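Single-letter residue listing:
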Amino acid sequence: MRYVHLTKALTLAAVMAFAAGCSSTGSKTDSGATSGTGTDTSAYGAGTGTGVTPGSWEEVATLKNVFYFEFDRAVVRQEFFSDLEGHARYLAGNPSARVRLDGHTDERGTREYNMALGERRANAVERLLIVNGANAGQIETVSYGEERPSVTGNHEGAWSQNRRVELRYLSR
């Protein structure tokens, strides 16, 4: 009997969550940027970018290729949008170019949780690149979780440097 009530409750919760997700036209992300179908231009893909022209490897080489995240978050910070838009424009203009997005976390959390979080971070960067014109076939994502820290240490300064996605060109 308890199983039947639990199943009904979970089914109802899933239907309500689905309906709520389908009915919204935009939502606030953790960073405060609005995403969805609204007219807010602070969402992914908006803005003027860095003026990188397709085919200009010299300009792409000046863009940031490491993107940092808040603790326990997989939301790309707005400060990185213009650099990612520049990478996306380069990828869109150079179909043979390929990138790998390496997702990383700090040492806190279980290994399994950190692998999943690193993957969510890499996927968030991938979505931003695709929204701005890159082809999904040009992008590979990998999660290293906590396995490859860029800074060793047991303090916030080290942890903040390890919560990142690194964009690496495999071919240009």
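Everything in this summary refers to the structure shown in the same document.

### Some points on the side chain of His104
Turning to step 1, where the next piece is worked out: Along the chain, His104 turns up in strand β4 (residues 98–104).
Turning to step 2, where the next piece is worked out: Other than its neighbours up to four places away in sequence, His104 contacts Gly118, Arg121, Tyr144, Gly145, Arg148, Asn162, Arg163, Arg164 and Glu166.

### Digging into the pairing of β4
Looking along a regular strand, one sees the side chains alternate between the two faces of the sheet.
Turning to step 1, where the next piece is worked out: Among the 7 residues of β4, 5 are classified as buried, and the element is accordingly described as predominantly covered.
Turning to step 2, where the next piece is worked out: With 6 bridges connecting them, β4 and strand β6 (residues 164–171) associate as antiparallel partners. When the bridges of β6 are listed, Val99 appears paired with Tyr169.
Turning to step 3, where the next piece is worked out: Taken together, the 6 bridges between β4 and strand β5 (residues 139–145) define a ladder with parallel strand orientation.

### As for the packing of aromatic side chains
Turning to step 1, where the next piece is worked out: Evaluated as defined, the whole model comprises 5 aromatic pairs.
Turning to step 2, where the next piece is worked out: Here the aromatic rings of Tyr90 and Tyr169 are separated by 5.7 Å at their centres, their planes lie at 85 degrees, and the arrangement is edge-to-face. Of the two residues, Tyr90 is situated in helix α3 (residues 81–93) and Tyr169 in strand β6; the sequence distance between them amounts to 79 residues.
Turning to step 3, where the next piece is worked out: Put simply, the rings of Trp57, Tyr90 and Tyr169 touch in pairs and so form one group of aromatic residues.
Turning to step 4, where the next piece is worked out: Geometry around Trp159 places Arg108 over its ring, the cationic atom sitting 3.8 Å from the centre.

Procedures and definitions
Throughout, residues of each chain are indexed from 1 in the direction in which the sequence is written. Given that this is a predicted model, residues contribute local features only at a pLDDT of at least 70 and side-chain atom pairs are listed and counted only at 80 or more, while totals for whole chains, interfaces and linings are drawn from all residues. To get the side-chain values, all heavy atoms of the structure are used, and hydrogens and water are removed first. A run of H or I in DSSP counts as a helix once it spans at least four residues, and a run of E counts as a strand once it spans at least two, with each numbered from the N terminus. Residues count as neighbours in contact if any of their non-hydrogen atoms are within 4.5 Å of one another. Exposure classes here rest on a 1.4 Å probe applied to the protein chains alone. A residue is buried below 20% of its type maximum, exposed above 50%, and partly exposed in between. Only strands that DSSP links by at least two bridges are regarded as paired with each other. We call Phe, Tyr and Trp rings a pair once their centres come within 6.5 Å, taking the six-membered ring for Trp, and we label the pair stacked below 30 degrees between planes, edge-to-face above 60, and tilted otherwise. A ring is scored as having a charge over it whenever the NZ atom of a lysine or the CZ atom of an arginine sits within 6 Å of its centre and within 35 degrees of its normal.

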